[in-house]
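What the coordinates show
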Amino acid sequence: MSCNYQTLWTLTPDQKDVKGFIVTMTIAINALKTEKGPLYRQIADALAEQINAGLLLPGSKLPTHRRLADQLHVTVGTITRAYGEVERRGLVEARVGAGTYVRDHRKANWVFSNDLDNSQCELGFNIPPSFDRSQMMQQAMSALTEDPRQINHLLLYHSAAGIAEHRETMVGWLSTLGLKLSSDRLLFTSGAQNATQLVLSAFSRAGDNLLVENLTYPGLISLARQQQLTLKPVAMDDQGLLPEALDNACRQYQPRFLYSMPTLQNPTTAVMGLQRRQEILDVCRQHNVYLIEDDVNGLLPEHRPEAMVNLDQEHVIYVGALSKFLAPGLRVGYVHAPEALYKQLMSTIQNQCWMVSPLLTGLACQLIEQGSADQTLHYIRQDIRQRRQLVCSLLADTGIQTAEDCFHAWLPVPEAWSLSDFLAALKTEGIAVKSAELFVPPGYAIPPAVRLSFSAPDNLDTLTSGLKTIKSLLATQPVAEFSL
Ligand SMILES: Cc1ncc(COP(=O)(O)O)c(C=O)c1O
């Protein structure tokens, strides 16, 4: 191929992207002037330059490998490598069966609104059931403030890992729930989301592949988008991740991290059995992959398999929080790190915020010591069991997936309905749920299903009436509308 020239490549105006918009794209291959370095990298540099200069707009579809190869008189393999390189740099994303698109970093925000509408049956938010927590908070706050020495101590700077006694209290309490953690490997965070964000910001770079379950937590999808990581989904069955699929994904994508929710998976509710946990860890060890075990829902079940971190502390980064039972507003979470990663995580916390507020970790420890954490967990479990019974009886024979002590459920939408029509019908009936679309890594197929969070309605009557409406909608044959 002759270099030292500038090629203008234009997609024909009739070429449409998936959204049906006309795409007109121009790629100037300026970088081929230099003749330095391998050809694929020159093309990748030219694409990167165009994207960074805003000439290729976010969301634009790149030409097919074959088409660009023909245009530039290079091999398809060269274009494949060039696209792979720009993907690695986090500038584009390959969508299975749909092509390669310029990443849209404006979409990074996954904005949560807590405006619960009481006229609606709110089944969208994975929040613990509400009850009056004011008394336990009053008790904890006055215990913290009545001793001047103690409160003044909490108002000082402390280690980025958190106060040692607080870590010991937390680890001690978690051990009563079966978690074998060490306080010198635990770092406090502002919730589980922050813990995962810390890990990813400390150890991954734009363009890295991150393995996830093929349906995953939307907060993780948003985080990956913001950090320009490419999510690679791994197939699951009713126990979660499949070891063989994980092995294949490790070979293909050479990731450093796998993010998984082995207990009460969000959204499918899958719980991984002990043998499967061991098999998954075997694959991780074989490929030198760290497992980020998000166990934020894992404190809910009274009976559960061993946490993955109990099985291998050096390959599991354990992430959790008190958000799903004690109070999400407390913002107390933690990460338990392998020895090799601990110091860097600690310095990442220090770089970000110096430390999680010792007042909050002190409050959490006081709630543990005065017995409120145990009482709340007990109460929440009783409440979830009642709610789950309603779900299982009213939505029996719908294929709904639930799990013991889990407050969300995964409901397949029957063939008669399209997912969008079903969501629209629910909305008309005043019922809020979460569409499967939110749980799918960008570019992958969306299964027809919705997540119901049955902890959110503030009483059982509202929940019952919402579930009855869903049941009757599922039994309805919607009128099919079509147009030419
Ligand atoms: C799987 C999962 N991880 C993390 C979080 C966020 O937890 P936190 O509120 O402790 O940041 C959620 C919240 O819904 C979640 O479902």
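Structure: see above.
Everything in this summary refers to the structure shown in the same document. Owing to the predicted nature of the structure, the values given are computational and were not obtained by experimental measurement.

Right, let's talk about the overall build of the chain for a bit. Broken down by element type, the chain carries 16 helices and 18 strands. The proportion of buried residues among the 484 residues of the chain is 53%. Carbon together with sulfur atoms contributes 50% to the accessible area of the chain, which is approximately 22,000 Å² in total.

Okay, the side chain of Thr-464 next. Looking at the element boundaries, Thr-464 is found in helix H16 (residues 460–474). A polar contact is formed between the side chain of Thr-464 and the backbone oxygen of Leu-460, at a distance of 2.6 Å. Those residues within four positions of Thr-464 in sequence are excluded, and the remaining contacts are Leu-390 and Leu-394.

Here the focus is helix H9 (residues 243–253). Among all positions of H9, only Pro-243, Leu-246, Asp-247, Ala-249 and Cys-250 are buried. Looking down the long axis of H9, one finds its buried residues gathered within 165° of arc, a one-sided arrangement. Turned more than 90 degrees away from the buried face of H9 sit Glu-244 and Gln-252, all of them exposed. Buried residues in H9 make contact with strand E7 (209–213), strand E8 (230–234), strand E10 (240–241), strand E11 (257–260) and helix H10 (274–286). Remark: Gln-254 follows H9 within two positions and exhibits a positive phi of approximately 45°.

In contact at an axis separation of 10 Å, helix H14 (residues 372–394) and H16 are set at 20° when each is read in the N-to-C sense. Judged by the inter-axis angle, H14 sits roughly parallel to H16. The interaxial crossing formed by H14 with H16 has right-handed handedness. Contacts between H14 and H16 involve Gln-386, Arg-387, Leu-390, Val-391 and Leu-394 from the first element and Leu-460, Leu-463, Thr-464, Leu-467, Lys-468 and Lys-471 from the second. Here the contact of H14 with H16 is composed, by residue class, of 6 nonpolar, 2 polar and 3 charged.

Going from Asn-266 to Pro-267, the amide bond is cis rather than trans, its omega being 20°. With respect to the helices, strands and loops of the structure, Pro-267 is situated in the loop between E11 and H10. Phi at Gln-228 is positive, roughly 60°, even though this residue is not glycine. By relative accessible area, which is 22% here, Gln-228 ends up partly exposed. Phi at Asn-288 takes a positive value of approximately 60°, unusual for a residue other than glycine.

In space, the 3 strands of this open sheet follow the order E15-E18-E17, with antiparallel pairing throughout. Of all strands in the sheet, those bounded by a partner on one side alone are strand E15 (408–412) and strand E17 (434–435). The strands touched by helix H15 (residues 419–428) within the sheet are E17 and strand E18 (449–453), with E18 carrying the most contacts at an inclination of about 30°.

Moving on to the site of the ligand. As a structural note, the neighbourhood of the ligand is formed by 13 residues, with Ala-192, Asp-294, Ser-323, Lys-324 and Arg-331 the closest of them. Gln-193 is positioned such that a nitrogen or oxygen atom in its backbone is 2.9 Å from an oxygen atom of the ligand. Contact with the protein chains removes 91% of the 400 Å² of surface that the ligand exposes when unbound. Residues that form the shell around the ligand fall into these classes: 6 nonpolar, 4 polar and 3 charged.

This part is about the environment of Glu-429. Structurally, Glu-429 can be placed in the loop between H15 and strand E16 (431–432). For Glu-429, a relative accessible area of 46% puts it in the partly exposed group. Every residue in contact with Glu-429, bar those within four places of it in the chain, is listed here: Thr-469 and Leu-473.

Here we take up the sheet that holds E7. As summarised here, the arrangement of the 7 strands in space is E6-E14-E13-E12-E11-E7-E8, forming an open sheet in which the pairing is mixed. Looking at the sheet topology across the chains shown, the edges are occupied by strand E6 (186–189) and E8. The sheet shows a mean angle of 25° between the axes of neighbouring strands, direction not considered. Bridge count for E6 against strand E14 (residues 333–336) is 4 bridges, and the pairing is antiparallel. Its bridge partner being in E14, Phe-188 is matched across the sheet by Tyr-334.

This part takes up the packing of aromatic side chains. Scanning the entire structure with this criterion turns up 8 aromatic pairs. Look at Trp-173 and Phe-325: their rings are 5.8 Å apart centre to centre, the planes differ by 25°, and that puts the pair in the stacked class. Of this pair, Trp-173 sits in helix H6 (residues 164–176) while Phe-325 sits in the loop between strand E13 (316–321) and E14; the two residues are 152 residues apart in sequence, bridging distant segments of the chain. Relative accessible area serves as the criterion here: at 5%, Trp-173 is assigned to the buried category. Here Phe-325 falls in the buried class, since its relative accessible area comes to 1%. A network of ring pairs unites the aromatic residues Phe-203, Phe-257 and Tyr-290 as a single cluster. In this structure, Arg-81 is placed above the aromatic ring of Tyr-40, and the distance from its NZ or CZ to the ring centre is 4.0 Å.

The next subject is helix H7 (residues 192–203). Relative to the 16 Å expected for 12 residues at 1.5 Å per residue, H7 spans 17 Å between its end C-alpha atoms, a close match to the ideal helical length. Of all 12 residues in H7, 9 are buried, a share of seventy percent or more. All of the buried residues along H7 are Ala-192, Asn-194, Ala-195, Thr-196, Leu-198, Val-199, Leu-200, Ala-202 and Phe-203.

About the thresholds
Residues numbered from 1 in each chain as written. Predicted model: local features only at pLDDT ≥ 70, side-chain atom pairs only at ≥ 80, totals over all residues. Heavy atoms only, no water. Helix = DSSP H or I, 4+ residues; strand = E, 2+ residues; numbered from the N terminus. Buried < 20%, exposed > 50% of the residue type's maximum accessible area, 1.4 Å probe, protein only. Areas by Shrake-Rupley, 256 points an atom, 1.4 Å probe, with all protein chains shown as cover. Polar contact = N/O pair within 3.5 Å; in protein donor to acceptor, adjacent residues only side chain to side chain. Contact = heavy atoms within 4.5 Å. Arc of directions from axis to C-beta. Axes fitted to C-alpha atoms, helices over the stretch in contact; angles between N-to-C directions. Parallel < 35°, antiparallel > 145°, perpendicular 65-115°, else oblique. Left-handed = near helix turned anticlockwise from the far one by under 90°. Nonpolar A, V, L, I, M, F, W, Y, C, P; charged D, E, K, R; others polar. Pairing = 2+ DSSP bridges. Near = heavy atom within 4 Å. Phe/Tyr/Trp six-rings, centres within 6.5 Å; stacked < 30°, edge-to-face > 60°. Lys NZ or Arg CZ within 6 Å of the ring centre and 35° of its normal. Expected span 1.5 Å × (residues − 1).

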